[in-house]
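Notes for the structure review
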Amino acid sequence: MRLSYFRMAASFCGILLTASALAQQTPIEVTANLADAPRKLYHSDSEIPVTAGPLTLITPQWIPGNHRPTGPVSDIVGVVFTANGKPLPWRRDNVNMYEFHLDIPPGVTMLHAHLDCIVTTRVSHKLAVLEWERLMIYPADKPVRDIPIQPSLIVPAGWGVGTALTPISGGPWPVPAAGSTTKFAATSVEQLEDSPVISGQYFHEFPLAPDITPKHYIDVVSDFPDDSNLSPQLLDKISNLVREASAAYASHHYHEYHFLLTLSDVAGGEGLEHGQSSDNGVGENGFSDRAQELTNADLLSHEFTHSWNGKYRRPSELYQPDFATPQWGRLLWVYEGMTQYLGNVLAARSGLKTQAQYRDLLAMSAASLEYRPGRDWRDTEDTAVAASVLRGGNPAWFNYRRGQDYYQEGELVWLDADTLIRQKTNNQKSLTDFLHIFLGKGGNTGPLIVPYTFEELCADLNQVLPYDWAKFFHDRIYTIDPQADFDGIERGGYKVVFTDQPNPSARMFTHMEGRRYGGVDCWYSIGLRIGRDGQIADVLWNGPADKAGISPGEKIIAINGRIFSPDVLKDAIHDSKTSTEPIHVILQADDYVVHADIDYHGGERYPSLQRVEGTPDYLDDITTPLVKTDDTKPLTFRHSDESSFN
Ligand SMILES: [Zn+2]
């Protein structure tokens, strides 16, 4: 549905009316029991108000922020319904696997639903993350914002809890007494889905930026005792992030905000936005190892930015009345693309990465988009429309398929827009002026979703810089373009160049454990993504290795007569510059051995940004902090070995 500004303004009232209507209904009561989390099982018991007759209950399918139907219905087991102490039969819908059909007998007003969920991600022996789609069941026939629900929680003894939900009874908090049940303030099914919980034995809660209202916290759980005790230096940077976001977005849409962070090599990586919190997962050394810290530098700033861009302001087609209706991804280049841009910019403004690192990573991102021949057959909008089928999968010919490119393409386009505004206004205005309008309209609110259209986006930009913004985006997003958008980088005072040395940030990644490809970066030379063991993940479409007939999935055994190692490959590429011979390669192709000759003579090539002297350095302007901070207020920390907090 397309909303004009006036209809959108009316929707503010609509949501407020809904909130008061919620309070007059009897809520579902759901108790999540994580006591068996270390054994990969969560349980829930729900009391659902019902009336006699047919009833369809449902669990969430299209999870907001995932942009895909990832609801874990296949892991929901042990489903038992009872009424007045007697089991009630149920039947799954033949088409929608998320729906459970029941017949409620006369005289029954409350239905009990028990669910178990098999949980193998975002959980370990010492910590657990609860996203409520694992344990929530509710009537299928109402908008989720109109269904009141009262959550409660049980966690293993001694585990601390981080969440944006408001505890109202059960105490103490945030480390509940062994065996106790913590009850939270009632909310809606829509908001509970948006309010995850983390819990763990090694738990710390740190307040952030005490000079900013409302309150912000980071809640951290880890697999080992010391990891969750974040360094004061890191906490200072995250406090800076809170200040920078407050300055850039000029409003808040939460009562208090909780960064929820797991540090675990077992529980897996995550970055999922919510309105009043974010679910962030990194490795055990994710913020203590320098290379890992750099790869994670924009995680918190990205997910935090989504509280405004994605949660508060959401493309109207991505906002559906329930979690069963497919979400349309057409404007994800705003939802995710602008967040990708702002997340990286705010990470640099906050000190989570340096300005030089910002430029290094921007060069790598821009170059990878340029070397993605799938852009010859599909435009960026199509990667957004098809978002739900483009995540993950086998990396073979990824560059020809394209992935969820609207993230990084969006980053370049929003940099293009920011530098255009700066150039045309003699650096008097910037994208920040647009953000104050687009994200700040409506002022400070509690959690609220206000949908927008492409037309509103262009109209708000037009208030900052009169320009044909519809054409601007049409040319860059909705049109097939073999070239990536480097205009913002060039207007920002830099150009993308290829040199024979990786930039300093890329060099740091080369030695990082667990990196996806590892080994040698030879994408921009011979056109291969290759693991440390010679296994080929991807081949650049129409690149030198492709022309030599090399395929994804093959494994390099030998190069120029020597057994493969990353160094042997690197030397062969280096020497290609002065050799008239092709690079001779022997490969394992399934159960066969094949030979290939790569006719390449360009030497090593790695992307970086080079300053163009005499032009305005907008990139440095953009990554300069908006806020000067000299705040030295003492902070009080909460830990899992303390039972109360002052
Ligand atoms: Zn995102």
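Residues numbered from 1 in each chain as written. Predicted model: local features only at pLDDT ≥ 70, side-chain atom pairs only at ≥ 80, totals over all residues. Heavy atoms only, no water.

Inspection of the entire model under this criterion finds 22 salt bridges. Between Asp416 and Arg491 there is a salt bridge whose closest N-O contact spans 2.8 Å. Residue Asp416 is found in helix α11 (residues 406-424), and its partner Arg491 is found in helix α15 (residues 487-491); the two are separated by 75 residues along the sequence. The class of Asp416 is buried, set by a relative accessible area of 0%. Within the structure, one salt-bridge network assembled from shared partners comprises Arg372, Arg375, Arg402, Asp405 and Glu409. (Salt bridge = Lys/Arg side-chain N within 4 Å of Asp/Glu carboxyl O. Helix = DSSP H or I, 4+ residues; strand = E, 2+ residues; numbered from the N terminus. Buried < 20%, exposed > 50% of the residue type's maximum accessible area, 1.4 Å probe, protein only.)

It is worth spelling out the sheet that holds strand β30 (residues 583-589) at this point. Reading across from one edge, β29-β28-β30-β31 is the order of the four strands in this open sheet, with antiparallel pairing throughout. Where the open sheet ends on each side, the last strands, each with one partner, are β29 (562-563) and β31 (592-598). The pairing of strand β28 (residues 555-559) with β29 spans two bridges and is antiparallel. For Ala558, the partnering residue across the bridge sits in β29 and is Ile563. Packed on one face of the sheet, helix α18 (residues 566-575) meets β28, β29 and β30 and runs near 65° to β28. (Pairing = 2+ DSSP bridges. Contact = heavy atoms within 4.5 Å. Axes fitted to C-alpha atoms, helices over the stretch in contact; angles between N-to-C directions.)

A few words on the coordination of the zinc ion. Metal coordination angles have textbook ideals: 109.5 degrees for a tetrahedral set of four donors and 90 or 180 degrees for an octahedral set of six. Distances from the zinc ion to its protein donors, namely His302 (NE2), His306 (NE2) and Glu336 (OE), fall within the range 2.0 to 2.1 Å. Each donor residue of the zinc ion lies on the same chain, and together they follow the pattern H-x3-H-x29-E. Residue His306 is located in the loop between α5 (299-305) and β22 (313-315), and its partner Glu336 is located in the loop between α6 (332-335) and α7 (337-350); the two are separated by 30 residues in the primary sequence. (Donors = N, O, S within 2.8 Å, 3.2 Å for Na, K, Ca; no water.)

Moving on: the packing of helix α12 (residues 431-438) against helix α13 (residues 454-464). Remark: α12 packs on α13, axes separated minimally by 9 Å, with the N-to-C direction vectors making an angle of 130°. Between α12 and α13, the crossing angle belongs to the class labelled oblique. Handedness of the crossing formed by α12 with α13: right-handed. Across from Leu431, Asp433, Phe434, Ile437 and Phe438 in α12, the residues of α13 making contact are Glu456, Leu457, Asp460, Leu461, Gln463 and Val464. For the contact of α12 with α13, the residue count by class is seven nonpolar, one polar and three charged. (Parallel < 35°, antiparallel > 145°, perpendicular 65-115°, else oblique. Left-handed = near helix turned anticlockwise from the far one by under 90°. Nonpolar A, V, L, I, M, F, W, Y, C, P; charged D, E, K, R; others polar.)

This part covers α7. In this model, α7 (14 residues) spans 20 Å end to end at C-alpha, consistent with the 20 Å of a helix rising 1.5 Å per residue. One or two residues past the end of α7 sits Gly351, with phi positive at roughly 90°. (Expected span 1.5 Å × (residues − 1).)

The next subject is the pairing of strand β1 (residues 28-33). Going residue by residue along β1, you find Ile28, Val30 and Ala32 tucked away on one face and Glu29, Thr31 and Asn33 left uncovered on the opposite face. With six bridges connecting them, β1 and strand β11 (residues 148-154) associate as parallel partners. When the bridges of β11 are listed, Glu29 appears paired with Gln150. Alignment of β1 against strand β2 (residues 41-49), held across five bridges, turns out to be antiparallel. Bridging across to β2, Val30 finds its partner in Ser46.

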